[in-house]
Amino acid sequence: MHRSIHTICIVLFVPLLFWATAQAGVYKFKQDGVWHFTDDPAALPADQRPATVDAPALPDAAPTDLTARLIAALSPSNAIETAALATVLIETGSGYGSGFFVTADGYILTNKHVVRPQRVSGATQAADTSAQAAVLARRTAQIDIQAQRLQASRDELDAFKRYIDDQPESVTRQYNESRYRESLARYQAGQRALDEARRKLSAQRSSLEAALLQKRIDDGMAALNQNFTIRLADNTPLYAYVVEISDDNDLAVLKVDGYATPFLKARNPLTCAQGDPVYAIGNPVTLRNSVASGVVSGFKGPFVKTNAQIYPGNSGGPLVTSQGNVIGINTFKTLTRKFEGLGFAISIQVALDDLESI
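Residues numbered from 1 in each chain as written. Predicted model: local features only at pLDDT ≥ 70, side-chain atom pairs only at ≥ 80, totals over all residues. Heavy atoms only, no water.

Caption draft 1: Geometry of the sheet that holds strand β5 (residues 87-92). Spatially, β5-β6-β7-β10-β9-β8 is the arrangement adopted by the six strands of the closed barrel, whose pairing is antiparallel. Averaged over neighbouring strand pairs, the angle between their axes works out to 40° when direction is ignored. Bridge count for strand β9 (residues 237-245) against strand β10 (residues 252-255) is four bridges, and the pairing is antiparallel. Along β10, the bridge assignment pairs V242 with L254. (Pairing = 2+ DSSP bridges. Helix = DSSP H or I, 4+ residues; strand = E, 2+ residues; numbered from the N terminus. Axes fitted to C-alpha atoms, helices over the stretch in contact; angles between N-to-C directions.)

Caption draft 2: Representation of the packing of aromatic side chains. Counting across every chain of the model gives four aromatic pairs. The interplanar angle of 85° and the centroid separation of 5.9 Å between the aromatic rings of F303 and F344 together place this pair among those described as edge-to-face. Placement of the pair is F303 in strand β14 (residues 303-306) and F344 in strand β17 (residues 343-347), with a sequence separation of 41 residues. The same class applies to F303 as to F344, namely buried. Ring centres 4.8 Å apart and planes at 5° place the aromatic pair F332 and F344 in the stacked group. Linking F332 in strand β16 (residues 326-333) with F344 in strand β17, this pair joins segments that are 12 residues apart in sequence. Judged by its relative accessible area of 6%, F344 is buried. Grouped by ring-pair contacts, the aromatic residues F303, F332 and F344 constitute a single cluster. Above the face of the Y187 ring, R154 is positioned so that its terminal group lies 5.0 Å from the ring centre. The ring of Y107 is capped by K255, whose NZ or CZ atom sits 5.1 Å from the centre of that ring. (Phe/Tyr/Trp six-rings, centres within 6.5 Å; stacked < 30°, edge-to-face > 60°. Buried < 20%, exposed > 50% of the residue type's maximum accessible area, 1.4 Å probe, protein only. Lys NZ or Arg CZ within 6 Å of the ring centre and 35° of its normal.)

Caption draft 3: Looking closely at unusual backbone geometry. In this structure, S75 is a non-glycine residue whose phi angle is positive, near 45°. Tracing the backbone shows S75 in the loop between α1 (66-74) and α2 (79-85). Taking the relative accessible area as the measure of exposure, S75 reaches 51% and is therefore exposed.

Caption draft 4: Up close: the side chain of D250. Along the chain, D250 falls in the loop between β9 and β10. For D250, which is buried and forms no salt bridge, the nearest opposite charge comes from K112, at a distance of 5.9 Å. Side chain to side chain, D250 and H113 meet in a polar contact 2.5 Å long. (Lys, Arg positive; Asp, Glu negative; His and termini not counted. Salt bridge = Lys/Arg side-chain N within 4 Å of Asp/Glu carboxyl O. Polar contact = N/O pair within 3.5 Å; in protein donor to acceptor, adjacent residues only side chain to side chain.)

Caption draft 5: Inspection of the pairing of β16 at higher detail. Of all eight residues in β16, seven are buried; the element is thus mostly enclosed. In the sheet, strand β15 (residues 318-321) pairs with β16 via three bridges, with the strands oriented antiparallel. Bridging from a neighbouring strand, P318 pairs with I329 of β16. From the end of β15 to the start of β16, which pair antiparallel, there are four residues, and G324 there has a positive phi angle of about 85°. Sheet topology places β16 next to β17; five bridges connect them, and they run antiparallel. From the neighbouring strand, F332 faces β17, where its bridge partner is F344.

Caption draft 6: Inspection of the pattern of salt bridges at higher detail. A full pass over the atoms with the stated rule returns seven salt bridges. Measuring nitrogen to oxygen at the nearest pair gives 2.7 Å for the salt bridge that ties R231 to E91. Separated by 140 residues along the polypeptide, R231 in strand β8 (residues 227-231) and E91 in strand β5 bring together distant segments of the chain. By relative accessible area, R231 is classed as partly exposed at 23%. Residue K255 pairs with D257 through a salt bridge whose shortest N-O separation is 2.9 Å. Through salt bridges that share partners, E169, R173 and E177 make up one connected network.

Caption draft 7: Quick look at the nonpolar core. Counting residues in hydrophobic clusters, the biggest one holds 42 residues, and the most contacted among them are L109 and I230. If sequence neighbours within four positions are ignored, L109 has contacts with G99, F100, V102, L251, A252, V253, G316, I329, I348, A351, L355 and I358. Grouped together as the second largest cluster of nonpolar side chains are 14 residues, L157, F160, Y180 and L208 included. (Core = buried A, V, L, I, M, F, W, Y, C linked by side-chain atoms within 4.5 Å. Contact = heavy atoms within 4.5 Å.)

Caption draft 8: Structural context of α1. Of the residues flanking the start of α1, the one acting as N-cap is D65, its side-chain oxygen 3.1 Å from the backbone nitrogen of T67. Of the residues trailing α1, S75 is marked for its positive phi of about 45°.

Caption draft 9: Up close: the sheet that holds β14. Taking strand neighbours around the barrel as the criterion, the six strands line up as β12-β13-β14-β17-β16-β15 in a closed arrangement whose pairing is antiparallel. Shown here is a sheet whose adjacent strand axes are inclined to one another by a mean of 45°, direction ignored.

Caption draft 10: Seen up close, the pairing of strand β6 (residues 95-101). Of all seven residues that make up β6, five are buried, and the element is covered over most of its length. One ladder, built from six bridges, connects β5 with β6; its direction is antiparallel. Across the sheet, residue V88 finds its bridge partner in β6, namely G99. Sheet topology note: the β6/strand β7 (residues 107-110) ladder contains three bridges and is antiparallel. Note on β7: the bridge partner recorded for F100 is L109. Hairpin geometry of β6 and β7 is characterised by an intervening segment of five residues between the two adjacent antiparallel strands and by a positive phi of about 100° at G106.

Now the structure itself:
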């Protein structure tokens, strides 16, 4: 496992009585009747003489030890329960998923689709929208032609009615009145069909407009949705933020700051054999810290196949060995009509090779 060096800036808001700086001067100056403080001499007004205040460096706050707290609260009795301590529930706007700590300082590995639901690509969506708009345009033109024909029929019927009204009572008039009633019935049926076609067209147009609006909303929310609430094994909520999204795999990394966290050690899945026992840990349908057992069924590309049951909500959770070492990230399950499908977990080795932040 390799680690990138990260610089984490923490802004501490403290009362004015306790302002200080680390190993440098704090310069105080007055501007527009308000006192300001800076550690950059270049930021001082040229016409004001700075006052320098030295203060001791503030010590870094020790991270909160979540590992000890979770062990004390849940008292794990085996390697699988201990591994579950490192598994978290991730709350999103579209539902729930799972993840797990992979470092002692709060990095969380999960699936990309957990934190950023998959949508049709922009190019595909644009093509679909364009095709729908073209269909609506053709249908609108057809309805317009149908309406023009009906109006012409209406005009002919009105002229025929006026002609009949000018005729004296006779067998001919009775025959023409019968013809008029038949033609009027056909016209009225055509009018009803036209009204129904217009109603459907209006509904289709509204649906397309709603889809376009929702796409704009989704795109905007996807850009903003970089922070998530996670819940630890003891249901404690914490805030996590996105660190990295993989371009090539269904993988993402989140981070919580200020905590010493339990984490899972990685094992290369290729060192496992078919039939070795494995356990899928996660939060299926929000059933917290559920464990499903199975075996390694095989390997396919970047995936470990297993018959351990994987359900919605398990996505992003770990697939671990009987020693509690993670070999994969539970990602999806194949479904068949006749039997329970196999689960697929992205190899932990693929994740470590792909992601820069862990």
